[in-house]
Amino acid sequence: MSNAPASPAAAPGFADDAARDRFYMAAALEEARLAEAAGEVPVGAVVVWNDRIIARGHNLPIRSVDPSAHAEMQALRAAAKVLGNYRMPECELYVTLEPCAMCSGAILHARLKHVVFGATDPKTGAAGSVVDLFAQATLNHQTTLARGVMADECGQLLRDFFGARRRAQKAAQKAAQKAAQKAAQDLAQPAAPEAAPAEPGAGQAGTGGEPGTPPSPSPAD
């Protein structure tokens with residue numbers, strides 16, 4: 001592959017493939033926690049080349065106002081810049097959640113050799129849950145796939161995130177309902193009657209003179 005990173009760090013030693021997969025998925029989970037801290041859905045990804053992490057990414061569609069800013073897309077963009085090539089046939093991608101159709105398409109276009117994901121996505125997963133783009137033999141490139149690495153840890157992070165968000169939404173709805181009820185009660189209460197305006201000349205005891213002064217004696221007195 002052209003323009004590979006110079007002076008690479010030594011690759012870590014692994015007892016077996018399972019240990020290797022867990023090592024890189026743990027790195028992807030670190031990225032997912034960064035997404036969570038930013039208020040994004042906690043999904044993270046790393047790109048591995050020759051047993052080195054050369055790029056990382058996490059969900060950022062909200063902050064970047066970009067619907068394509070999924071963790072996989074962020075990591076692939078960063079890896080392409082590092083390698084100086086948009087095709088990465090010697091690279092692997094580790095991601096905490098099953099890729100969607102958009103990300104799966106980008107992975108296939110980048111011609112990655114292997115993808116490993118953690119939790120499945122029953123709503124938008126395009127690696128077997130809803131559709132399986134990686135099983136299409138008619139495509140001009142085949143990327144191998146491994147599922148379920150650290151699935152419990154990856155899934156729990158997502159469950160905790162969405163659970164906290166649902167609780168916050170319910171609390172906000174409850175507070176809004178209480179405020180609306182109080183406003184309705186305030187409107188239903190009769191307003192206090194206003195004091196009637198004083199009649200002209202009120203406070204005068206008789207004709208003429210200042211208010212409150214006794215009347216002038218008549219000529220008959």
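Residues numbered from 1 in each chain as written. Predicted model: local features only at pLDDT ≥ 70, side-chain atom pairs only at ≥ 80, totals over all residues. Heavy atoms only, no water.

Regarding helix α1 (residues 17–37)
Look at α1: 31 Å from first C-alpha to last across 21 residues, which is about the 30 Å you get at 1.5 Å a residue. Looking only at α1, the buried set comprises Arg-20, Asp-21, Tyr-24, Met-25, Ala-27, Ala-28, Leu-29, Glu-31, Ala-32 and Ala-35. Buried positions along α1 lie against β1 (44–49), β2 (52–58), β3 (91–97), β4 (114–119) and α5 (151–188). Between the side-chain oxygen of the N-cap and the backbone nitrogen of Ala-18 there are 3.2 Å, and the N-cap of α1 in question is Asp-16. Directly after α1, the chain includes Gly-39, whose backbone phi takes a positive value near 85°. (Helix = DSSP H or I, 4+ residues; strand = E, 2+ residues; numbered from the N terminus. Expected span 1.5 Å × (residues − 1). Buried < 20%, exposed > 50% of the residue type's maximum accessible area, 1.4 Å probe, protein only. Contact = heavy atoms within 4.5 Å. Polar contact = N/O pair within 3.5 Å; in protein donor to acceptor, adjacent residues only side chain to side chain.)

Describing the pattern of salt bridges
Taken as a whole, this structure holds 7 salt bridges when the rule is applied. Note that Asp-66 and Arg-77 form a salt bridge whose closest N and O atoms lie 4.0 Å from each other. Here Arg-77 lies in helix α3 (residues 71–83) and Asp-66 lies in the loop between α2 (61–64) and α3, a separation of 11 residues in the sequence. Overall, the relative accessible area of 23% leaves Asp-66 in the partly exposed class. Lys-182 is paired through a salt bridge with Asp-186; the nearest N and O atoms lie 3.3 Å apart. With Lys-182 and Asp-186 both in helix α5 and 4 residues apart, this pair spans about one turn of that helix. On the basis of relative accessible area, Asp-186 is assigned to the partly exposed category, the value being 43%. (Salt bridge = Lys/Arg side-chain N within 4 Å of Asp/Glu carboxyl O.)

Remarks on the sheet that holds strand β5 (residues 144–146)
The strand order β2-β1-β3-β4-β5 describes an open sheet built from 5 strands, whose pairing is mixed. This sheet does not close on itself; its edge strands, each paired only once, are β2 and β5. The average angle at which neighbouring strand axes cross in this sheet is 20°, direction not considered. With 5 bridges connecting them, β1 and β3 associate as antiparallel partners. Residue pairing across strands places Val-46 opposite Tyr-94, the latter belonging to β3. Running at roughly 140° to β2, α3 makes contact with β1, β2 and β3 of the sheet. (Pairing = 2+ DSSP bridges. Axes fitted to C-alpha atoms, helices over the stretch in contact; angles between N-to-C directions.)

Here's the deal with the layout of surface pockets
Taken as a whole, the largest pocket spans an internal volume of roughly 590 Å³. Elements with a contribution of two residues or more to the lining of the largest pocket: α2 and α5. Top element by residues in the lining of the largest pocket is α5. It accounts for 4 residues. The residue makeup of the lining of the largest pocket, split by class, is 12 nonpolar, 5 polar and 6 charged. (1 Å grid on protein atoms, 1.4 Å probe; cavity = no way out; pocket = protein on both sides within 12 Å on 5 of 7 lines; lining within 4 Å. Points joined across faces, edges and corners; volume = space filled by probe spheres on them. Nonpolar A, V, L, I, M, F, W, Y, C, P; charged D, E, K, R; others polar.)

Examining the pairing of β2
Most of β2 is tucked away: 5 of the 7 residues are buried. Of the pairings in the sheet, the one linking β1 to β2 comprises 6 bridges and is antiparallel in character. Directly across from Val-48, in β2, lies its bridge partner Ile-53. Linking β1 to β2, which pair antiparallel, is a turn of 2 residues; within it Asn-50 sits at a positive phi near 50°.

Things to note about unusual backbone geometry
The backbone of Asp-51 shows a phi angle near 60°, a positive value even though the residue is not glycine. Mapped onto the elements, Asp-51 comes out in the loop between β1 and β2. A positive phi angle, close to 60°, is found at Arg-111, a residue other than glycine. Its relative accessible area of 24% is what places Arg-111 among the partly exposed residues.

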